[in-house]
Amino acid sequence: MKVLVVGSGGREHTLVWKLTQSPRVERIYCAPGNGGISKLAECVDIGANDMEGLVRFARESGIDLTVVGPEDPLVEGIVDRFEEAGLRVFGPKKNAAILEGSKQFTKDFLTRHGIATAAYESFTDPEAAIACIRRQGAPIVVKADGLAAGKGVIVAQQVDEAVAAVEQIMRAKRFGSAGDTVVVEACLVGEEASFMAFTDGKTVVPMLSSQDHKQVLDGDRGPNTGGMGAYTPAPVIQERTAEIMDAIMVPTVRGMAEEGRPFSGVLYAGLMITGDGISVLEYNVRFGDPEAQPILFRLKSDLIDIIEAILENRLHECRIEWTKGASACVVLASGGYPGSYETGKEITGLDAVPDSDDLYVFHAGTQKSGGRIVTGGGRVLGITARGTDLASTLGKTYDAVNRIHFEGKHYRTDIGQKGLQRD
Ligand code: AMP
Ligand code: GLY
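Residues numbered from 1 in each chain as written. Chains lettered and ligands numbered in written order. Predicted model: local features only at pLDDT ≥ 70, side-chain atom pairs only at ≥ 80, totals over all residues. Heavy atoms only, no water.

(A) Just unusual backbone geometry, in detail. Following Ala-31, the chain continues into Pro-32 via a peptide bond in cis, with omega recorded as -5°. On the secondary structure map, Pro-32 appears in strand β2 (residues 27-32). Cis geometry marks the peptide bond from Ala-138 to Pro-139; its omega dihedral reads -5°. Along the chain, Pro-139 falls in the loop between α7 (126-136) and β7 (140-144). A positive phi angle is found at Ala-149, which is not glycine, with a value near 50°. Within the secondary structure layout, Ala-149 lies in the loop between β7 and β8 (153-156). Assessed through its relative accessible area of 66%, Ala-149 is described here as exposed. (Helix = DSSP H or I, 4+ residues; strand = E, 2+ residues; numbered from the N terminus. Buried < 20%, exposed > 50% of the residue type's maximum accessible area, 1.4 Å probe, protein only.)

(B) Examining the sheet that holds strand β12 (residues 211-212) more closely. Strand order across the open sheet formed by five strands is β12-β15-β18-β22-β19, with antiparallel pairing between neighbours. At either end of the open sheet lies a strand with only one pairing partner, and these are β12 and β19 (359-363). Sheet analysis places strand β18 (residues 326-333) next to strand β22 (residues 379-387), joined by eight bridges and oriented antiparallel. Among the inter-strand pairings, Val-330 is bridged to a residue of β22, identified as Ile-383. Where helix α13 (residues 390-401) meets the sheet, its contacts fall on β15 (229-232), β18, β19 and β22, and the angle it forms with β18 comes to roughly 25°. (Pairing = 2+ DSSP bridges. Contact = heavy atoms within 4.5 Å. Axes fitted to C-alpha atoms, helices over the stretch in contact; angles between N-to-C directions.)

(C) Quick peek at the sheet that holds β7. Pairing in this open sheet of four strands is antiparallel, and the strands run β6-β9-β7-β8 from one edge to the other. The sheet is open, and its two borders are formed by β6 (120-123) and β8, each paired with just one other strand. If you compare each strand with its neighbour and ignore which way they point, the axes differ by 20° on average. Bridge count for β6 against strand β9 (residues 182-186) is four bridges, and the pairing is antiparallel. Counterpart to Glu-121 in the pairing with β9 is Val-184. Against the sheet, α7 contacts β6, β7 and β9, and its axis sits at roughly 155° relative to β6.

(D) Representation of the site of ligand 2. Lining the immediate surroundings of ligand 2 are Asp-212, Gly-226, Tyr-268, Asn-284, Arg-286, Gly-288, Asp-289, Pro-290 and Glu-291. A distance of 3.4 Å is found between an oxygen atom of ligand 2 and a side-chain nitrogen or oxygen belonging to Asn-284. One of the backbone nitrogen or oxygen atoms of Asp-289 is found 2.9 Å away from an oxygen atom of ligand 2. When isolated, ligand 2 has an accessible area of 200 Å², and the protein chains bury 88% of it. Here the residues of the shell around ligand 2 sort into two nonpolar, three polar and four charged. (Near = heavy atom within 4 Å. Polar contact = N/O pair within 3.5 Å; in protein donor to acceptor, adjacent residues only side chain to side chain. Areas by Shrake-Rupley, 256 points an atom, 1.4 Å probe, with all protein chains shown as cover. Nonpolar A, V, L, I, M, F, W, Y, C, P; charged D, E, K, R; others polar.)

(E) The site of ligand 1, seen in detail. Around ligand 1, the structure places 15 residues, and the nearest of them are Glu-185, Leu-188, Glu-192, Lys-214 and Glu-282. Here an oxygen atom of ligand 1 sits 2.3 Å away from a polar atom, N or O, in the side chain of Glu-192. Burial of ligand 1 by the protein amounts to 91% of the accessible area it has alone, namely 460 Å². Residues belonging to the shell around ligand 1 are distributed by class as follows: nine nonpolar, no polar and six charged.

(F) Spotlight on helix α5 (residues 94-101). Among the residues making up α5, those that are buried are Ala-96, Ala-97, Leu-99, Glu-100 and Gly-101. Where α5 is buried, its residues touch α3 (71-76), α6 (103-112), α10 (241-258), β16 (265-274) and β17 (277-284).

(G) Just the packing of α5 against α6, in detail. Interaxial distance between α5 and α6 falls to 6 Å at its minimum, and their mutual angle equals 95°. By the angle class used here, α5 and α6 are roughly perpendicular. Between α5 and α6, the residues in contact are Ile-98, Leu-99 and Gly-101 and Lys-103, Phe-105, Thr-106 and Phe-109, respectively. When grouped by side-chain class, the residues that make up the contact of α5 with α6 number four nonpolar, two polar and one charged. (Parallel < 35°, antiparallel > 145°, perpendicular 65-115°, else oblique.)

(H) Just the environment of Glu-84, in detail. Relative to the helices and strands, Glu-84 resides in helix α4 (residues 78-84). Residue classification places Glu-84 among the exposed residues on the basis of a relative accessible area of 64%. Remark: the alpha-carbon pair of Glu-84 and Val-55, spanning 29 residues in sequence, is separated by 10.0 Å.

(I) Geometry of empty space enclosed by the protein. Tallying each qualifying case throughout the model produces one cavity of 30 Å³ or more. Within this model, the largest cavity holds a volume of roughly 60 Å³. Forming the boundary of the largest cavity are Val-67, Val-68, Gly-69, Leu-74, Phe-90, Gly-91, Pro-92, Gly-265, Val-266, Val-285, Arg-286 and Phe-287. Counted by class, the lining of the largest cavity contains eight nonpolar, three polar and one charged residues. (1 Å grid on protein atoms, 1.4 Å probe; cavity = no way out; pocket = protein on both sides within 12 Å on 5 of 7 lines; lining within 4 Å. Points joined across faces, edges and corners; volume = space filled by probe spheres on them.)

(J) Spotlight on the pattern of salt bridges. Taken as a whole, this structure holds 35 salt bridges when the rule is applied. Here Arg-27 makes a salt bridge to Glu-42, at a shortest N to O gap of 2.7 Å. Here Glu-42 lies in strand β3 (residues 42-43) and Arg-27 lies in strand β2, a separation of 15 residues in the sequence. Overall, the relative accessible area of 40% leaves Arg-27 in the partly exposed class. The shortest N-O distance in the salt bridge between Lys-345 and Glu-407 comes to 3.5 Å. With Lys-345 in the loop between β18 and β19 and Glu-407 in the loop between α13 and α14 (417-422), the pair connects residues that are 62 residues apart, well separated along the chain. (Salt bridge = Lys/Arg side-chain N within 4 Å of Asp/Glu carboxyl O.)

By themselves, these are just geometric observations and shouldn't be taken as functional.
In structure tokens:
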């Protein structure tokens with residue numbers, strides 16, 4: 001079959017890598033792809049948000065299946081659009097992707113269904129939001145309702161900072177109409193983890209537990225990023241998979257179906273593990289990036305079989321197998337990221353890290369320039385390894401990290417440390 005992957009990051013490189021291993025995939029395309037993806041797939045110059053361009057390409061090229069990586073097109077309704085055009089596509093429809101598209105919807109949904117989440121109020125009036133913040137005091141969390149490229153959440157340690165966030169989001173419209181509504185919520189204290197599951201709207205099958213590293217600096221310091229690295233399994237929740245499935249994932253999928261919003265695809269819960277229990281911070285309606293890298297690196301089953309089972313509402317028939325052990329991904333970022341950064345820096349040393357069964361360099365912000373690979377984004381590469389245990393896997397990953405160079409390269413040196421401490 002001919003497959004199209006939509007997106008251009010490390011997650012999409014990993015999806016392409018995994019899909020090319022399926023004996024059922026004859027040709028694979030990626031729109032728009034990146035410098036690394038172009039080694040495995042034919043990259044087509046159509047943006048991930050260009051819905052009509054993607055539909056046209058899929059039709060004209062006889063694409064049998066489209067897999068959507070990022071959230072924006074899902075929230076905008078790319079799945080509905082493809083289905084209207086008679087094209088097969090993997091991901092939730094627009095009315096289910098609202099779980100990521102609107103924080104207010106999600107908070108109200110969680111409350112309706114008795115699923116644990118931080119206490120909150122939502123506001124369309126900035127004065128009322130500010131009054132709530134002054135009443136509650138700090139620390140407090142301010143969230144833009146809509147998509148804001150991962151920048152719409154401010155965990156404020158001071159009241160002034162939270163007030164400034166409301167001003168930025170609601171009055172200065174920093175994220176446009178995504179900030180018409182804000183959610184103000186209690187600040188939870190604990191350890192975060194990522195929990196993803198495959199679902200066809202009825203059956204829910206957990207993936208491996210994982211943990212992202214959102215802040216740019218070691219020790220979870222500095223500003224938030226898209227994610228600086230991830231590993232599997234995450235001991236903080238690994239033993240609690242049944243509890244998370246029973247209290248969070250299954251009721252969410254059931255609740256969405258009951259509300260006439262059947263969810264099909266990958267459901268990702270961002271969790272906070274507190275002394276009082278496990279709370280949902282957010283939902284994503286797609287694979288996490290970088291979590292997809294270490295998770296899919298351990299997926300033994302054919303991803304096409306899983307996707308088809310989901311599309312045909314028979315996920316209950318599917319047995320999903322994972323390799324034993326652990327995996328990790330360390331992100332190499334451009335100097336300055338998550339602030340402004342330069343691109344076009346030559347990446348050297350890639351030849352010193354040959355692709356193998358247990359080590360792979362997934363590209364995110366890279367592009368081809370002549371015969372060279374150069375930086376083209378904030379998160380540049382995701383060095384990913386798997387092994388029998390987390391300590392040796394991390395050793396292998398960082399050994400490769402040290403062999404790859406570009407001007408301004410920076411990365412966290414403590415990916416997986418929380419896991420090692422709990423092991
Ligand atoms: P979200 O996009 O909702 O996951 O928020 C981004 C990040 O903000 C999360 O990964 C957490 O680190 C942090 N965060 C969000 N909500 C809360 C909360 N209620 N308490 C503490 N931290 C939070
Ligand atoms: N790693 C967090 C995300 O994909 O949103």
